[in-house]
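Each chain is listed here by its residues.
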Amino acid sequence: MTAIFPLWLIPALPFAGFLLNGILGRRLPKWLVTGIAILAPLGSFVVVLGNMFGMFGDMPWPIFLSSDFRVVENVGTWLNVGSLHVPFSFTLDHLSLLMLLVVTGVGFLIHLYSVGYMEHDGAYWRYFSYLNLFLFFMTVLVLSSNVLLMFVGWEGVGLASYLLIGFWYQKQSAADAGKKAFIVNRIGDFGFLIGIFLLIANFGTLTFSDMAVQVSANPALAGGVITTICLCLLVGATGKSAQLPLYVWLPDAMEGPTPVSALIHAATMVTAGVYMIARTHFLFDRSPYALSVVAIVGTLTALFAATMALVQTDIKRVLAYSTVSQLGYMFLGCGVAAYSAAIFHLMTHAFFKALLFLGAGSVIHAMAGEQDMRKMGGLRKKMPITFWTMTAAVFAISGIPGFSGFFSKDAILASAFADGSLGKVLWFVGAVTALLTAFYMFRLWYMTFFGSTRDEHAHPHESPLSMTVPLAILGVLSVCGGWVAIGGGFYRFLAPVLGPRPEEAGSMEYGLMGIAVALAALGWYIAHRLYHQKPGSAQALAEAMPATYKILLRKYYVDEIYAVLLVKPLLMLSRFVLEWVVDFAILGGLAWLLGGTATLGGAILQRWQSGNLRSYAAWLALGAAALLLFLIFGHAMGQNFAIAVRY
Amino acid sequence: MNALHGAVPIAWYLILSALLFSLGVVGFLIKRNLITVFMSIELMLNGVNLSFVAFAHQWHQAKGQIFVFFVMMVAAAEAAVGLAIIIAVFRARATLAVDRIDLMKL
Amino acid sequence: MNGIDQSILTLILLVPLAGALLVLLVPERGKMPQSIALVTTLFTFLLTLHLPAHFVQGQPGFQFEIDKPWIGSPAIFYHVGVDALSMWLVVLVGLLAPVGVVTSWKAIKTRTKVFYSLFLVQQTAMFGVFVALDLMLYYGFWELSLVPMAILIAMFGRKNGAKAAMKFFLFTFIPSAPLLVAILWLYAKTGTFSYTELQYFIASGALPVGPLCWVALAFLFAFAVKVPLFPLHGWVADTYSEAPVALAMVVAGKLGLYSMLRFHVGLFPVEARQMAPLLIGLAVIGMLYGACLALVQRDFWRMMAYAALSHLSLIVLGIYGFTFTGWSGAVYQILSHGVVDAALFLLLGVLELKCATTQISGFGGLAKKLPQTATLFVIATLAMIGLPMLSGFVGEFLILSSTFAGVSKGWGIAGTVSVVLGAAYMLWLVQRVFYGEENPTAAAKVTSDLSFGEHAVLWPLAVLMLVMGLQPGLFINTIQSGVHPPAAAVKSGPGRLILMDMQTRMPSEVQR
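What counts as what
Sequence positions are assigned chain by chain, starting from 1 and proceeding in written order. Chains carry letters from A onward and ligands carry numbers from 1 onward, assigned in written order. At least 70 in pLDDT is required for a residue's local features to be given in this predicted model, at least 80 for side-chain atom pairs to be given and counted, and no such filter applies to totals for whole chains, interfaces and linings, which use all residues. Strands are runs of DSSP state E lasting at least two residues, helices are runs of H or I lasting at least four, and both sets are numbered from the N terminus onward. Put simply, the radius of gyration uses C-alpha atoms, and a globule should come to 2.2 Å times the residue count raised to 0.38. Any pair of residues counts as being in contact when their C-beta atoms, constructed from backbone geometry, are within 7 Å of one another. Residues are grouped as follows: nonpolar covers Ala, Val, Leu, Ile, Met, Phe, Trp, Tyr, Cys and Pro; charged covers Asp, Glu, Lys and Arg; every other residue, Gly included, is treated as polar. Labels follow a simple rule on C-beta atoms placed from the backbone: if 20 or more others lie within 10 Å of a residue's own, it is buried; if 12 or fewer, it is exposed; otherwise it is partly exposed. A strand pair is defined by DSSP finding two or more bridges across the two strands. What counts as an axis is a line fitted to C-alpha atoms, over the stretch in contact for a helix, and the angles between N-to-C directions run from 0 to 180 degrees. Between 65 and 115 degrees an angle is taken as roughly perpendicular, under 35 as roughly parallel, over 145 as roughly antiparallel, and anywhere else as oblique. Helix crossings are classified by the rotation of the near helix relative to the far one: an anticlockwise turn of less than a right angle makes the crossing left-handed, while a clockwise turn makes it right-handed. For every residue, the pLDDT score states the predictor's confidence, bounded by 0 at the bottom and 100 at the top. A set of buried Ala, Val, Leu, Ile, Met, Phe, Trp, Tyr and Cys residues, joined through C-beta atoms within 7 Å, is what we mean by a nonpolar core.

## Regarding the overall build of chain C
The number of helices and strands found in chain C is 21 helices and 4 strands. For 512 residues, the compact-globule formula gives about 24 Å, and the C-alpha radius of gyration of chain C, at 22 Å, lands near that figure. In terms of overall dimensions, chain C has a C-alpha envelope of 70 × 55 × 40 Å along the principal axes. Put simply, 79% of the contacts in chain C that link residues at least 6 apart link residues at least 24 apart.

## What to know about the interface of chain C and chain A
Contact residues are listed per partner, giving 46 residues for chain C and 40 residues for chain A. Listed by contribution, the elements that provide at least two residues to the side of chain C that touches chain A are α13 (269–295), α15 (324–355), α17 (391–407), α18 (409–434) and α21 (473–492) of chain C. Here the side of chain C that touches chain A gets 11 residues from one element, more than from any other, and that element is α18(C).

## Re unusual backbone geometry
In this model, L244(A) is joined to P245(A) through a cis peptide bond whose omega is 0°. With respect to the element layout, P245(A) can be found in the loop between α8 (224–240) and α9 (249–252). Cis geometry is adopted by the peptide bond preceding P231(C), which originates at F230(C) and carries an omega value of 5°. Structurally, P231(C) can be placed in the loop between α9 (209–226) and α10 (234–242).

## A closer look at the interface of chain A and chain B
How big an interface is tends to be expressed through the accessible area that disappears when the partners come together. Taken together, the contacts link 10 residues of chain A with 11 residues of chain B. No other element matches helix α26 (residues 613–633) of chain A, which puts 5 residues into the side of chain A that touches chain B. Residues of the side of chain A that touches chain B, tallied by class, amount to 4 nonpolar, 5 polar and 1 charged.

## Points about the pairing of strand β2 (residues 84–92) of chain A
Of all 9 residues that make up β2(A), 8 are buried, and the element is covered over most of its length. Hairpin connection, strand β1 (residues 71–81) of chain A to β2(A): the antiparallel pair is bridged by 2 residues, and G82(A) has positive phi, about 55°.

## Topic: the pairing of strand β1 (residues 63–71) of chain C
Residues and elements named next belong to chain C. Bridge count for β1 against strand β2 (residues 76–82) is 6 bridges, and the pairing is antiparallel. Note that in β2 the partner of I71 across the bridge is I76. Hairpin remark: β1 followed by β2, antiparallel, with 4 residues in the connecting loop.

## Description of the packing of helix α4 (residues 124–143) of chain A against helix α5 (residues 147–165) of chain A
Two quantities define a packed helix pair, namely the angle between the axes and the distance from one axis to the other. Residue and element names in this part refer to chain A. Viewed as axis vectors pointing N to C, α4 and α5 meet at an angle of 160°, and their least axial separation amounts to 7 Å. The orientation of α4 with respect to α5, classified from their angle, is roughly antiparallel. Two packed elements cross with a definite hand, and for α4 against α5 that hand is left-handed. Where α4 abuts α5, its residues Y130, L133, F134, F137, M138, V140 and L141 lie against L149, M150, V152, G153, W154, G156, V157, A160, L163 and L164. When the residues that make up the contact of α4 with α5 are grouped by side-chain class, the tally is 15 nonpolar, 2 polar and no charged.

## What to know about helix α11 (residues 272–279) of chain A
Most of α11(A) sits inside the fold, with 8 of its 8 residues counted as buried. The complete set of buried residues in α11(A) reads A272(A), G273(A), V274(A), Y275(A), M276(A), I277(A), A278(A) and R279(A).

## Side note on the confidence of the model for chain C
Scored by pLDDT, chain C has a mean of 85; 94% of the residues are at 70 or more. Per the prediction output, this complex has pTM 0.85; the corresponding ipTM is 0.86.

## Some remarks on the arrangement of the chains
The top pair by number of contacts, from a total of 2 pairs of chains in contact, is chains A and C. No interface is formed between chain B and chain C, the nearest pair of C-alpha atoms being 16 Å apart.

## Some remarks on the nonpolar core
If you look at the biggest cluster of nonpolar residues, it comprises 434 residues, and the most contacted ones within it are F134(A), A342(A), A354(A) and A343(C). In terms of residues, this core owes the most to one element, α15(C), which gives 19 residues. Setting aside anything within four residues of it in sequence, one finds A354(A) in contact with V106(A), I110(A), A262(A), L263(A), A266(A), A267(A) and L474(A).

Shown next, in the form of structure tokens:
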């Protein structure tokens, strides 16, 4: 099967945009920069849509949901060394199609939004070239047919993220955050690389489909090796998707421009880990142990991040921790083998979280850069579009019935509950996290939009059209995005790639749903009491539990612990043990000893060279005399000497 | 010729030559004045020259005498350069004592 | 073969020498020495490009070969030639020479005549090392490559040139002595200096095993110091921080690594194999050790020295892993490292010249004033830390994956750790130099961004990094065909040595 439009166009268009704006952007007029920047993702989106309609155009809803298709396109050879053969090869199947729709669609909207948001920035062209570069790598990541090409995209999005977090590089904290993101991601990539090496060693190929065939042809393949591979891949995924213990870079990544946070650090890049696990699910399916680890990591992250989100006052940081927490849900979904549910949540999360960030950006824009929620308030009247779209997103993430997040979160929790006794525990933690989620999201909602303005100097105003239109579109998607799963159509669509959805809880599901909704309502109610009815009571609560509050506020001191346990010892080891003791004292000492011996020898021999002409002459005469004596009397002696030399 | 040949054996020439050479060596080693040292060198050269001539005469070969001419040429050139250096050294250091001129060390 | 193919290697060797003479003859006025050196190096580079253009792919053995008697006794031949292994390295040296000239263009202000003539002599010596197939000739070039270096460090050092030159001298000349003895021993036993004949003699098992071990060790010792390999790296930091940038660019790596592959692994496969476990261990230690020390350096030249230790150790790991994939990766990584290091050194040289300091703390926030420098620096950094699609990744990946599959998982994992550390110190450097608060003293000294000449050199290098990352096949196909023949030659000999490819996983079988 071939695609209508060549698949390579999808990454190539943003790459062209990156090159044009990156090289010429400084000299181009602003409208042209904007045009290039916007057209690139739009073009990709159109190519994806065109291919989709080409495939399903004549199939009526919902028949196409069950159709099977898979397009593989080889563009060229990348690496061909020994028996290792890695082509530039793209695959369009149900999973990558869905992911591409999200990436290019949401990506386009965020590009559009950025036109307004970044309007006054001096390095407008640089911003858009980076953003296009990101889209290039992200589409490569999604489309790749083999692990190594996926790794290319994987590292590439990390690079784009590094560049964009540190976009305002003159700000020390932004530059630090970019560096931190890259290095922490590298630690994850270390695991990914080891996983790739293991895959080469055990499969001899890196192509997903070939590996899947090998796995299915060999039922005995399980346990040890597969578990190790899966755990290595998981390390990679925890880095990119900000899971425990490598989540630390994501909150700091909020130093970047807000649309970047929306696109990269909420909707697309950070979900790459989930996508990778879904892509390699045939491996994870063979290792129950690795799956349990995925589920536990996800659940713990969800809970852990949610608790930290409770007390943050920076609007973007609340959203960052919430992203970490929601990604935890997706990992939980993967961990209970409900990959399609995880992907479903990935999609809805992309809608509502992008919307939340863009809304927050709109608020920050209106508040002239202020990010502290304690200084906001009462914005409901002044920014109606932002308010209503944000409301849709808050309802969606909190799991209010009918909104998109409700369906996807419910699907994950139901799958968890159905997954044995460990699953029940995980379900419980997940449900508690849902309560916390509702609480902190409504806290944000109340603090930002209700009450009265706390900052007298600010003159908030509604954002321009280029910013509000994407908000509106995402708002609609946040509301309706979940409806695709009603009746199971969504799962049927992904089934050819991810397999059928595991057994559901059946009639229990409605009970579970009820509990989740009740918990969400409870979270809303608590936020309503604390932040709307009695505005001072949150403060009182914090003062009542100073230790807990402080630990949460300082984010469990994880950054400090890492610094003390990892960074400082490494630097100390390098400086004191390696540099001073080994390099300077031991190796330098040895070299000095060698040099010293030579110098000493020289100093002794140097005495011969007194500069005194007569002593030279005396030595000369003595030497001549000795030579003469040797010639005359040394014949016998010389023979002995020659014999000694021979043996 | 014959009488001379018979009268003075070659050993005598060689002994004289060795004496001259040894005198030169001793002079070179013990004299302090650079000029005297220089003259000692000439003495050594002449000692060697004498043995050259003696051997040339003994074996009826011109090579030894040609050598002597070479040595005399070199000695003349050396004398010119050497004296120039001595003058330069004297101008620079106001002394011709060999012990004082010890710049030839590291 | 037509005429130009016959004499191309001789031309490549002679043109820089002629240039050096010319530099000495013309008066030191204006930009005369620089200009002559630039023209010479560019012309030489064009000449080296002849090699890939006319190289017959897949033909075993050496090409463009010349084998003429030079000295009758001892029987030294003027025997030069390239194979798939050395061809791209010759091109690399040719490419880096003009980069070196551009780097020194403004940095070297005094005694330019001496500098450029010695620089060109050094070029000849390096070409010679890569093409010589007669061991005595090779030794001559090897020594010749050290002399101009030592002199130039002493003459153009930053603070302590003489001391650094002495250190360099002691570290690199002393191991050359055993090398010479070893070469002479081989000659005494076989009566030939010819590489191919010696290869045959040694493989046939005609030489006594005990002394051969020592001979192999003498070869290895000389190369290991020059690479450098931990713990013999003592000279690198001082040399990097004192040597003129153009020479620091060429001093480490290439020569030693190539020599290891050609004259240690190639001549003494059995002995090299016996040493391999030790060398792999030292290489991995060097990778981590260099990376750790690079993290804490305050002077960026010293930092680059330790970074080089780390990166070059990776290549050593690829060589002594004894897999075809590892060897291909190693040669590819030499190329990539040469290109990337050249760009980074040129940029650091520019920074040093602009801000008159080499202390990292003396910089800060310069990206605003030097956007082009910053951009190119970031590109080179990314290539260095092995970002996929840039040149550094390919070799790194091939070496590490072959180590993982063909040597041991433990060493593979330990080696991969240095990838993380590599990102850490390089990005930290970028951040401290270009990002964050602007350092007012540094910023005040900066008046202009890159000059035309620097652009003209750096952008092609950047494009090359991208091409090498995207289409490694352009280079690696040739290289691959080069790393197989040594094994084939050895196999055909009476002594058997079956090399292990990473996928075939044949047990290593060494018999004498």
